[in-house]
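Chain residues, written in single-letter form:
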Amino acid sequence: MKTLTQYKKLAILSGWSLYLYNDDYYTVSLHWSYIERMLELFEEITLVAPVKVVKIKDEVQSLRKIPSNQLSIEPLPYSKGSVDALKYRWTYKKTIKKVASKTDLFYCRVPDPFCWMPAQMTDNPVIMHFVGDTADATKQNIHFSWLKKQILLAGYSFEYRRILKSARKSTVYTNGSHLSEKLRKQGINATPVVSSTITKEDLALEPLRALSNKPLTIIYVGYLRYAKGIDTLIEVIRRLEERHFDYQFHIVGDGDMYSTLQQLIDDLKLDDHIYLHGHIDNRDKLLSLLQASDLFFFPSLSEGSPRVVIEAMSQGCPVLSTPVGSLPGCFEENKEILFFPFKDAEIATSKIIEVGENLEMLTQLRDCAYRKVSERFTMEEFIRTITTYNYEA
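Residues numbered from 1 in each chain as written. Predicted model: local features only at pLDDT ≥ 70, side-chain atom pairs only at ≥ 80, totals over all residues. Heavy atoms only, no water.

(A) How the structure looks around the pairing of strand E8 (residues 126-130). Burial within E8 is extensive, with five of its five residues counted as buried. What you see with E8 is no split at all: Val126, Met128 and Phe130 on one side and Ile127 and His129 on the other are buried throughout. As defined by bridge partners, strand E7 (residues 105-110) adjoins E8 across five bridges and the pair is classed as parallel. Within E8, the position partnered with tyrosine 107 by the bridge is isoleucine 127. Two elements, E8 and strand E9 (residues 171-175), share four bridges in a ladder whose sense is parallel. Bridge assignment links isoleucine 127 to a residue of E9, and that residue is threonine 171. (Buried < 20%, exposed > 50% of the residue type's maximum accessible area, 1.4 Å probe, protein only. Helix = DSSP H or I, 4+ residues; strand = E, 2+ residues; numbered from the N terminus. Pairing = 2+ DSSP bridges.)

Below you can see the structure in the form of structure tokens.
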């Protein structure tokens, strides 16, 4: 078995868009954080990614400038998605062949455009990291008609067969166990991992703050859409109001149900304890909000490895969630996390009231989750795992 210590040069094939302004490349801070951790493990890294040229400095103001001396960049044409990228197939093929000659190991994110190419076109060892499921996302999209879903799924099936073919000769990791189980049915050995955005420096300092129920401060962070269980969140708010429970609710994120939430707040006159923050770019501000909260509420219907739950736990915020994605396999119910059934607003409401009346139990649960995250689920551990090649032909 080979491990990452035997490889010194890594190539990353990713759909992470880069932005080029005045000969400098920029990317979002999270992506750069991942690359920084990879740079600690490899002597050389080549990033193969789509590049968008921008003319106005404001377009890169919130992005992270990539130091030119720390990695090589092989630019790909910028596209608006996987379908749009199809017209650049030959450019991808040419670039991947070029990079293959100067790297030891490929890391490919699935389902990014042409993620299957390195395993099919080169003799280099390849890691394929399944970060999402295009077919599942298409099926669950409530804005797509039945006909549109069938057309999209039919178009994706050819690409998916190529992905599976490449995966059979690669080391495969998946965000969440549901993806690994799906791949095993196709004869592919896949290892589920827990995606993390939390570095050791991000962890809340101990001792963690005392939780409070006067009021109980609840927080949700994520997209505001049906697939994230926002309809359940709305029903929970209605029930908490009916029971005159003492709480505050911070809702962080944007999406097509933002206006629905705003209407609820207006109709029930809840603006004194329900706060819609919209999307928060400032990471320090977001982590501070999590640190100041007594319960993280996560009603999502579909996830792989929900990073935001890890973020909440890392800041000393206990979690009440649906048993979604990898969470049941990673955290022990009633010891490190609390679960409620999908779409069950009544049970969720009852559990919120219950923990509000038992802060000692909630504190013990919070402390256990914090310890596990700090020991096992930091970004450093995540990156070390997903860049380990262990395939034997």
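(B) Fine view of helix H11 (residues 307-314). With seven of its eight residues buried, H11 lies for the most part within the structure. Every buried residue belonging to H11 is among Val308, Val309, Ile310, Glu311, Ala312, Met313 and Ser314, and all of these are buried.

(C) View of the sheet that holds strand E15 (residues 319-321). In space, the six strands of this open sheet follow the order E13-E12-E11-E14-E15-E16, with parallel pairing throughout. Strand pairing shows two members of the sheet lacking a second neighbour, strand E13 (274-278) and strand E16 (338-339), which therefore form its edges. Where strand E11 (residues 216-221) and strand E12 (residues 247-252) come together, six bridges link them in parallel fashion. If you follow valine 221 over to E12, its bridge partner there is valine 252. Sitting on the sheet, helix H10 (residues 283-291) is in contact with E11, E12, E13 and strand E14 (295-298), with an inclination near 140 degrees to E11. Sheet contacts for H11: E11, E14 and E15; angle to E14, the most-contacted strand, approximately 170 degrees. (Contact = heavy atoms within 4.5 Å. Axes fitted to C-alpha atoms, helices over the stretch in contact; angles between N-to-C directions.)

(D) Local environment of the side chain of threonine 103. Along the chain, threonine 103 falls in the loop between helix H3 (89-100) and E7. A distance of 3.4 Å separates the side chain of threonine 103 from the backbone oxygen of leucine 105, its partner in a polar contact. Every residue in contact with threonine 103, bar those within four places of it in the chain, is listed here: Lys9, Leu10, Ala11 and Asn124. (Polar contact = N/O pair within 3.5 Å; in protein donor to acceptor, adjacent residues only side chain to side chain.)

(E) Spotlight on the packing of helix H8 (residues 230-242) against helix H9 (residues 258-268). Relative orientation of the contacting elements H8 and H9 amounts to 10 degrees, with a least axis distance of 11 Å. With respect to each other, H8 and H9 are oriented roughly parallel. Residues Ile230, Leu233, Ile234, Ile237 and Arg238 of H8 touch H9, and the partners they reach there are Thr260, Leu261, Leu264 and Leu268. Split into classes, the residues belonging to the contact of H8 with H9 amount to seven nonpolar, one polar and one charged. (Parallel < 35°, antiparallel > 145°, perpendicular 65-115°, else oblique. Nonpolar A, V, L, I, M, F, W, Y, C, P; charged D, E, K, R; others polar.)

(F) Spotlight on unusual backbone geometry. Of the consecutive residues valine 110 and proline 111, the connecting peptide bond is found in the cis state with omega at 15 degrees. Topologically, proline 111 is positioned in the loop between E7 and helix H4 (117-121). Going from glutamate 206 to proline 207, the amide bond is cis rather than trans, its omega being 0 degrees. Within the fold, proline 207 resides in the loop between strand E10 (190-193) and E11. Its identity as a non-glycine residue notwithstanding, aspartate 23 has a phi of 70 degrees, on the positive side. Along the chain, aspartate 23 falls in the loop between strand E2 (18-21) and strand E3 (24-27). Judged by relative accessible area, aspartate 23 falls into the exposed class, the value being 73%. Residue lysine 343 is not a glycine yet carries a positive backbone phi of 65 degrees.

(G) Structural detail: the pairing of strand E4 (residues 44-53). Most of E4 sits inside the fold, with seven of its 10 residues counted as buried. The pairing of strand E1 (residues 9-13) with E4 spans five bridges and is classified as parallel. By the bridge assignment, lysine 9 is partnered in E4 with glutamate 44. Relative to E4, E2 runs parallel, the two sharing three bridges. Looking at the pairing, leucine 18 lines up with valine 51 of E4. With six bridges joining them, E4 and strand E6 (residues 72-77) adopt parallel strand pairing. Bridge pairing in E6 places valine 48 opposite glutamate 74.

(H) Seen up close, the packing of aromatic side chains. Taken as a whole, this structure holds 11 aromatic pairs when the rule is applied. Seen from their ring centres, phenylalanine 245 and tyrosine 247 are 6.4 Å apart, and the 20 degrees between their planes marks the pair as stacked. Each member of the pair, phenylalanine 245 as well as tyrosine 247, is classed as buried. Centroid distance phenylalanine 331 to phenylalanine 377: 5.4 Å. Interplanar angle 65 degrees. Geometry classified as edge-to-face. In this pair, phenylalanine 331 is assigned in the loop between helix H12 (327-330) and E16 and phenylalanine 377 in the loop between helix H14 (359-376) and helix H15 (379-386), connecting sequence segments 46 residues apart. Members of the aromatic cluster, joined through ring pairs, are Trp16, Tyr34 and Phe382. Taking NZ or CZ as reference, arginine 89 lies 5.7 Å from the ring centre of tryptophan 90, over its face. (Phe/Tyr/Trp six-rings, centres within 6.5 Å; stacked < 30°, edge-to-face > 60°. Lys NZ or Arg CZ within 6 Å of the ring centre and 35° of its normal.)

(I) Examining the layout of surface pockets more closely. Of the volumes computed, that of the second largest pocket is approximately 240 Å³. For the second largest pocket, the full set of lining residues is Ser177, Pro192, Val193, Val194, Ser326, Gly329, Cys330, Arg376, Phe377, Glu381, Phe382 and Thr385. Here the lining of the second largest pocket takes three residues from H15, the largest share from any one element. Residues of the lining of the second largest pocket, tallied by class, amount to six nonpolar, four polar and two charged. (1 Å grid on protein atoms, 1.4 Å probe; cavity = no way out; pocket = protein on both sides within 12 Å on 5 of 7 lines; lining within 4 Å. Points joined across faces, edges and corners; volume = space filled by probe spheres on them.)

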